[in-house]
Amino acid sequence: MGLAFTLAGLLFPVQITTFFVDATSEILKIAPKIMRIYFLSFLPMGLNIVATYYLQSVMRTRWASVLALLRGLVFSGILVYLLPRIWGIDGVWWAMTISELVVMILSLICIGKADKAGIGKSKVKAD
């Protein structure tokens, strides 16, 4: 789904924009760039959501909660504040994508640790 949404945002930014807002010429001028940046966040977002649910299911609820907070509040909030100071207004649009990428790396580390500890592996033997 992340790939599908990303492709939709990359290929059809004007159509998606006009679906949600009554677009003026100014909006249509800036929206494609914004949409293409923001929709990149859908690629790692899918893995982050699955990782959170996976970690909950294998009883690593603290890790799952931390990842959810980092993703939805901490990293995105910090980056929305910091990146515009570095990249100007484009920094606002990159904040979510970078936040999702950082959390994706942390998610993969957490899943690796859970799997290394034997958590989530089936204890049922095949006959």
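Details of the structure are given in the entry above.
The rules we used
- Residues numbered from 1 in each chain as written.
- Predicted model: local features only at pLDDT ≥ 70, side-chain atom pairs only at ≥ 80, totals over all residues.
- Heavy atoms only, no water.
- Phe/Tyr/Trp six-rings, centres within 6.5 Å; stacked < 30°, edge-to-face > 60°.
- Helix = DSSP H or I, 4+ residues; strand = E, 2+ residues; numbered from the N terminus.
- Buried < 20%, exposed > 50% of the residue type's maximum accessible area, 1.4 Å probe, protein only.
- Lys NZ or Arg CZ within 6 Å of the ring centre and 35° of its normal.
- Axes fitted to C-alpha atoms, helices over the stretch in contact; angles between N-to-C directions.
- Parallel < 35°, antiparallel > 145°, perpendicular 65-115°, else oblique.
- Contact = heavy atoms within 4.5 Å.
- Nonpolar A, V, L, I, M, F, W, Y, C, P; charged D, E, K, R; others polar.
- Arc of directions from axis to C-beta.

Asks: Describe the packing of aromatic side chains, and please don't skip the residues or the numbers.
Replies: Under the counting rule described, the total for this entry stands at five aromatic pairs. Their ring planes at 45° and their centres at 5.7 Å tell us that phenylalanine 5 and phenylalanine 42 sit as a pair that is tilted. Pair noted here: phenylalanine 5 is in helix H1 (residues 2-11) and phenylalanine 42 is in helix H4 (residues 42-57), with a separation of 37 residues, a long-range link. With relative accessibility at 18%, the residue phenylalanine 42 sits in the buried group. Relative to phenylalanine 20, the ring of phenylalanine 19 lies with its centre 5.1 Å away and its plane at 90°, an arrangement referred to as edge-to-face. Of the two residues, phenylalanine 19 and phenylalanine 20, neither departs from the other in class, the shared state being exposed. Following the ring pairs from residue to residue traces out a cluster consisting of Phe5, Tyr38, Phe39 and Phe42. Across from the ring centre of tryptophan 63, 4.6 Å away, lies the NZ or CZ of arginine 60, which sits over that ring.

Asks: Tell me about the packing of helix H2 (residues 13-20) against helix H3 (residues 25-39), and name the residues and values.
Replies: Two quantities define a packed helix pair, namely the angle between the axes and the distance from one axis to the other. Across the interface, H2 lies against H3 with an axial gap of 9 Å and an inter-helix angle of 105°. The orientation of H2 with respect to H3, classified from their angle, is roughly perpendicular. Across the interface between the two elements, Pro13, Val14, Ile16, Thr17 and Thr18 of H2 pack against Ile27, Leu28, Ala31, Pro32, Met35, Arg36 and Phe39 of H3. Residues belonging to the contact of H2 with H3 are distributed by class as follows: nine nonpolar, two polar and one charged.

Asks: Describe H2, and please don't skip the residues or the numbers.
Replies: Among the residues of H2, Pro13, Ile16 and Thr17 are the ones counted as buried. The buried side chains of H2 occupy one side of the element, clustering within an arc of 100° when seen end-on. Where H2 is buried, its residues touch H1 and H3.

Asks: Explain the side chain of asparagine 48 to me, and be specific about the residues and the numbers.
Replies: As for its position among the elements, asparagine 48 is in helix H4. Setting aside anything within four residues of it in sequence, one finds asparagine 48 in contact with Arg71, Glu100, Val103, Met104 and Ser107.

Coordinates in, geometry out; function isn't part of it.
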